[in-house]
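Residue-level structure breakdown
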Amino acid sequence: SQKIEQNSEALNIQEGKTATLTCNYTNYSPAYLQWYRQDPGRGPVFLLLIRENEKEKRKERLKVTFDTTLKQSLFHITASQPADSATYLCALEGPGYALNFGKGTSLLVTP
Amino acid sequence: GAGVSQSPSNKVTEKGKDVELRCDPISGHTALYWYRQSLGQGLEFLIYFQGNSAPDKSGLPSDRFSAERTGGSVSTLTIQRTQQEDSAVYLCASSRDIRGYTFGSGTRLTVV
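Here we summarise the structure given alongside this text. (Residues numbered from 1 in each chain as written. Chains lettered and ligands numbered in written order. Predicted model: local features only at pLDDT ≥ 70, side-chain atom pairs only at ≥ 80, totals over all residues. Heavy atoms only, no water.)

Moving on to the interface of chain B and chain A. Listed by partner, the interface residues are 17 residues for chain B and 19 residues for chain A. Taken over both partners, the interface formed by chain B and chain A buries close to 1,500 Å², and the fraction arising from carbon and sulfur atoms is 55%. The interface formed by chain B and chain A includes seven residue pairs in polar contact (both at pLDDT 80 or more). A breakdown of the residues in the side of chain B that touches chain A according to their chemical character gives nine nonpolar, six polar and two charged. (Contact = heavy atoms within 4.5 Å. Buried area = accessible area lost by both parts, 1.4 Å probe. Polar contact = N/O pair within 3.5 Å; in protein donor to acceptor, adjacent residues only side chain to side chain. Nonpolar A, V, L, I, M, F, W, Y, C, P; charged D, E, K, R; others polar.)

A word on the nonpolar core. Formed by 23 residues in total, the largest nonpolar core has its most connected members in Leu 33, Trp 35, Phe 75, Ile 77, Tyr 88 and Leu 107 of chain A. If we ignore the near neighbours within four places in the chain, the residues touching Phe 75 of chain A are Ala 19, Thr 20, Leu 21, Trp 35, Leu 47, Leu 62, Lys 63, Val 64 and Tyr 88 of chain A. (Core = buried A, V, L, I, M, F, W, Y, C linked by side-chain atoms within 4.5 Å. Buried < 20%, exposed > 50% of the residue type's maximum accessible area, 1.4 Å probe, protein only.)

Next up on the list: the side chain of Gln 6 of chain B. Residue and element names in this part refer to chain B. Here Gln 6 shows up in strand S1 (residues 5–7). At 2.9 Å, the side chain of Gln 6 forms a polar contact with the backbone nitrogen of Cys 92. There is a polar contact of 3.0 Å between the side chain of Gln 6 and the backbone nitrogen of Gly 106. Ignoring sequence-local partners within four residues, the contact set of Gln 6 consists of Arg 22, Trp 34, Tyr 90, Leu 91, Cys 92, Gly 104, Ser 105, Gly 106 and Thr 107. (Helix = DSSP H or I, 4+ residues; strand = E, 2+ residues; numbered from the N terminus.)

Under the counting rule described, the total for this entry stands at two disulfides over all chains. The disulfide that involves Cys 23 of chain A links it to Cys 90 of chain A, with 1.9 Å between the sulfurs. Measuring the twist about the S-S bond at about 60 degrees, one finds the Cys 23 of chain A-Cys 90 of chain A disulfide to be right-handed. With Cys 23 of chain A in strand S3 (residues 19–26) and Cys 90 of chain A in strand S9 (residues 86–93), this residue pair connects regions lying 67 residues apart in the sequence. With respect to burial, Cys 23 of chain A and Cys 90 of chain A carry one shared label: buried. Paired through a disulfide, Cys 23 of chain B and Cys 92 of chain B show a sulfur-sulfur distance of 1.9 Å. Here Cys 23 of chain B and Cys 92 of chain B share a disulfide; its torsion about the S-S bond, -65 degrees, makes the bridge left-handed. (Disulfide = S-S within 2.5 Å.)

So, about the packing of aromatic side chains. Across all of its chains, the model carries 14 aromatic pairs over all chains by this definition. Ring plane angle 85 degrees and centroid distance 5.5 Å describe the contact between Phe 101 of chain A and Tyr 35 of chain B, whose orientation is recorded as edge-to-face. Highlighted residues: Phe 101 of chain A in strand S10 (residues 99–101) and Tyr 35 of chain B in strand S4 (residues 31–37), drawn from two different chains. With relative accessibility at 9%, the residue Phe 101 of chain A sits in the buried group. Ring plane angle 15 degrees and centroid distance 5.1 Å describe the contact between Tyr 33 of chain B and Tyr 48 of chain B, whose orientation is recorded as stacked. Of this pair, Tyr 33 of chain B sits in strand S4 while Tyr 48 of chain B sits in strand S5 (residues 43–50), placing them 15 residues apart in sequence. Residue Tyr 33 of chain B is classed as buried on the basis of its relative accessible area of 0%. Assessed through its relative accessible area of 4%, Tyr 48 of chain B is described here as buried. By way of ring pairs, the aromatic residues Tyr 36, Phe 46 and Phe 101 of chain A together with Tyr 33, Tyr 35, Phe 45, Tyr 48, Tyr 101 and Phe 103 of chain B are connected into one cluster. (Phe/Tyr/Trp six-rings, centres within 6.5 Å; stacked < 30°, edge-to-face > 60°.)

Encoded structure:
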């Protein structure tokens, strides 16, 4: 069966450090992968999309890598800030066009 | 509108009652999706609309759940004879194509 795995343990880091979150998947052949941010009581917010032929993508302090051989994406936040504290979800296109989401990893950035 | 609007934001209902949840997507977004999120769980896909048709209803958990979309815009998710296990946050999203969804803030449904 298709699976999207994200570290269920919360990631605690100090302000200014780089946060790295991992998304692994099985039984997908994705044309692209997406990352979203979700704050408590809110819907997810789209951050970045990376295509299968792109190794890396950047947007401001965010960097995403995509390794289709390892079936893994890494999501980096550089110079992290307390405002970056949230749950981060990765998503892949399911068999019926809609996205399937991982359960997310909670990030806590402390001053 | 500027964003995806969902109503009500909160709904408490008695077991066995029917509920209707509404989603007003971003104007011009042809794709609309319903998901639900239980406490501490990931997003569970329910149904996908392209225009007014629903090519993918595979996520609806039972025949108590139905959804429609009229005029290629507003969608309603109906849950009949609600059960306690239906308690969750129901999220609606829309997109111009299949990438980069815009989500609403959800409807928190509590069945007592």
